[in-house]
Amino acid sequence: MTVHLEVAEGVGTIRLDRPPMNALDVAVQDRIKELAEEAARREDIRAVVLYGGEKVFAAGADIKEMQAMDHTAMVLRSRALQESFTAVARIPKPVVAAVTGYALGGGCELALCADYRIAADNAKLGQPEILLGLIPGAGGTQRLARLIGPSRAKDLIFTGRMVKAEEALALGLVDRVVPAAEVYPQAHAWAAKLAQGPALALRAAKESVDAGLETDIETGLAVERTWFAGLFATEDRERGMRSFVEEGPGKAKFQ
């Protein structure tokens, strides 16, 4: 298989494994969707890491495969391409991308589907589709603009330029830059810590933020209000508040 799902400490690692550059061909796209949906429904997975290995996250689409496609073929394929990445974005659990080496084109778009991005100090990210006479087609025009703002997103999309880790951090494209050897350990530690948290509250927080970004503020506030009240029916809420009153903040142990 070109993509694997490994589970440890409540963390599921979706690992791309198509050397040398983890090119995202149709088979990889479909496998990403399959494993994202599995990670979403498995109760033993409480948080997720996206990882391409020590050398490269994903250098983009399989250009040779795409070159053979005509307009009709891509009309039929483009929805499945987007849906494979959207399956990652819709995992109702914390998701962190551990970015090493190149995260270009579809690789960058995959990283955008995470809630948090930790990048190696030698990482390079970008949306170079314009250099092929194309635009990003796996969510890049939408998720990138929502993450870093429209003008910064347009600069990257219009020019197709790659940005190094420090510039990506300044743009808000990644959230932390660490030595390459520390990328996966730190990403796994971030996920493992959240895997010990209240699962329903984390789901509520994620879905409230994501839904709010996709609609007007009044609708977003209604989503937040519904989730907030609903959490009062959970054992985790009872446990968390009881622990706070009896032991002080930050000591609750969630199921």
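Residues numbered from 1 in each chain as written. Predicted model: local features only at pLDDT ≥ 70, side-chain atom pairs only at ≥ 80, totals over all residues. Heavy atoms only, no water.

Visitor: Provide a residue-level description of the overall build of the chain, including the pertinent values.
Guide: Counting secondary structure elements, the chain contains 11 helices and 9 strands. For 255 residues, the compact-globule estimate of 2.2 N^0.38 gives 18 Å, and the C-alpha radius of gyration of the chain, at 19 Å, lies within 12% of that figure. Put simply, the chain has 255 residues, and 41% of those count as buried. Put simply, of all contacts in the chain between residues at least 6 apart along the chain, 68% involve residues at least 24 apart. Of the roughly 13,200 Å² that the chain leaves accessible, carbon and sulfur atoms contribute 56%. Where the 31 positive side-chain charges of the chain centre and where its 35 negative ones centre are 1 Å apart. (Helix = DSSP H or I, 4+ residues; strand = E, 2+ residues; numbered from the N terminus. Rg over C-alpha atoms; globule rule 2.2 N^0.38 Å. Buried < 20%, exposed > 50% of the residue type's maximum accessible area, 1.4 Å probe, protein only. Contact = heavy atoms within 4.5 Å. Areas by Shrake-Rupley, 256 points an atom, 1.4 Å probe, with all protein chains shown as cover. Lys, Arg positive; Asp, Glu negative; His and termini not counted. Charge placed at Lys NZ, Arg CZ, Asp CG, Glu CD.)

Visitor: Could you give an account of the state of the cysteines, with specific residues and numbers?
Guide: Counted by the stated rule, this structure contains 0 disulfides. Of all cysteine sulfurs in the structure, the one in Cys 113 sits closest to Cys 108, which takes part in no disulfide; the separation is 10 Å. Owing to a relative accessible area of 3%, Cys 113 belongs among the buried residues under this scheme. (Disulfide = S-S within 2.5 Å.)

Visitor: Tell me what's going on with the pairing of strand S1 (residues 3-8), and back it up with residues and numbers.
Guide: Pairing of S1 with strand S2 (residues 11-16), which is carried by 6 bridges, proceeds in the antiparallel orientation. Bridge pairing in S2 links Glu 6 to Thr 13. A loop of 2 residues connects S1 with S2, the two strands running antiparallel in sequence, and Glu 9 in this loop sits at a positive phi of about 55 degrees. (Pairing = 2+ DSSP bridges.)

Visitor: Requested: an account of the pattern of salt bridges, with residues and values cited.
Guide: Evaluated as defined, the whole model comprises 13 salt bridges. Here Arg 77 ties to Asp 30 by a salt bridge, and the two come within 2.8 Å at their closest N and O atoms. Note that Arg 77 is positioned in helix H3 (residues 71-89) and Asp 30 in helix H1 (residues 26-41), a separation of 47 residues in sequence. Take Arg 77: its relative accessible area is 14%, and that puts it in the buried class. By relative accessible area, which is 37% here, Asp 30 ends up partly exposed. Here Glu 167 ties to Arg 161 by a salt bridge, and the two come within 2.7 Å at their closest N and O atoms. For Arg 161, a relative accessible area of 28% gives the class partly exposed. Within the structure, one salt-bridge network assembled from shared partners comprises Arg 18, Asp 25 and Asp 62. (Salt bridge = Lys/Arg side-chain N within 4 Å of Asp/Glu carboxyl O.)

Visitor: Just give me the short version of the packing of helix H9 (residues 199-213) against helix H10 (residues 217-230), but keep the residues and values in it.
Guide: Interaxial distance between H9 and H10 falls to 8 Å at its minimum, and their mutual angle equals 170 degrees. The angle between H9 and H10 places the two elements in the roughly antiparallel class. Contacts between H9 and H10 involve Leu 200, Arg 203, Ala 204, Glu 207, Ser 208, Ala 211 and Gly 212 from the first element and Gly 220, Val 223, Glu 224 and Trp 227 from the second. (Axes fitted to C-alpha atoms, helices over the stretch in contact; angles between N-to-C directions. Parallel < 35°, antiparallel > 145°, perpendicular 65-115°, else oblique.)

Visitor: Explain the packing of H1 against H3 to me, and be specific about the residues and the numbers.
Guide: H3 packs onto H1 with a crossing angle of 35 degrees between their chain directions and a minimal axis gap of 8 Å. You can see that H1 and H3 cross each other, and the crossing is left-handed. Contact residues: H1 offers Val 26, Gln 29, Asp 30, Ile 32, Lys 33, Ala 36 and Glu 37, while H3 offers Arg 77, Leu 81, Glu 83, Ser 84, Ala 87 and Val 88. Residues that form the contact of H1 with H3 fall into these classes: 6 nonpolar, 2 polar and 5 charged. (Left-handed = near helix turned anticlockwise from the far one by under 90°. Nonpolar A, V, L, I, M, F, W, Y, C, P; charged D, E, K, R; others polar.)

Visitor: Break down the packing of aromatic side chains for me, citing the residues and quoting the values.
Guide: The tally for this structure, following the rule as stated, stands at 3 aromatic pairs. Aromatic pair Tyr 116 and Trp 190: ring centres 5.1 Å apart, planes at 5 degrees, arrangement stacked. Residue Tyr 116 is found in strand S6 (residues 116-120), and its partner Trp 190 is found in helix H8 (residues 183-195); the two are separated by 74 residues along the sequence. For the pair Phe 228 and Phe 232, a centre-to-centre distance of 5.6 Å together with 70 degrees between the ring planes defines the contact as edge-to-face. (Phe/Tyr/Trp six-rings, centres within 6.5 Å; stacked < 30°, edge-to-face > 60°.)

Visitor: Before we move on, could you go through the pairing of strand S4 (residues 95-99) and cite the residues and values that matter?
Guide: Within S4, 5 of the 5 residues are buried, which leaves it mostly tucked inside the rest of the structure. The alternating pattern of S4 places Val 95, Ala 97 and Val 99 and Val 96 and Ala 98 on opposite faces, both of which are buried. Pairing of S4 with S6, which is carried by 4 bridges, proceeds in the parallel orientation. What sits directly across from Val 99, in S6, is Ala 119.

Visitor: Please give an account of the sheet that holds strand S5 (residues 102-104) that cites residues and values.
Guide: Spatial ordering of the open sheet is given by S5-S7-S8, a layout of 3 strands whose pairing is mixed. Strand pairing shows two members of the sheet lacking a second neighbour, S5 and strand S8 (162-164), which therefore form its edges. With direction set aside, neighbouring strand axes in the sheet form an average angle of 20 degrees. Pairing of strand S7 (residues 124-126) with S8, which is carried by 3 bridges, proceeds in the antiparallel orientation. Along S8, the bridge assignment pairs Lys 124 with Lys 164.

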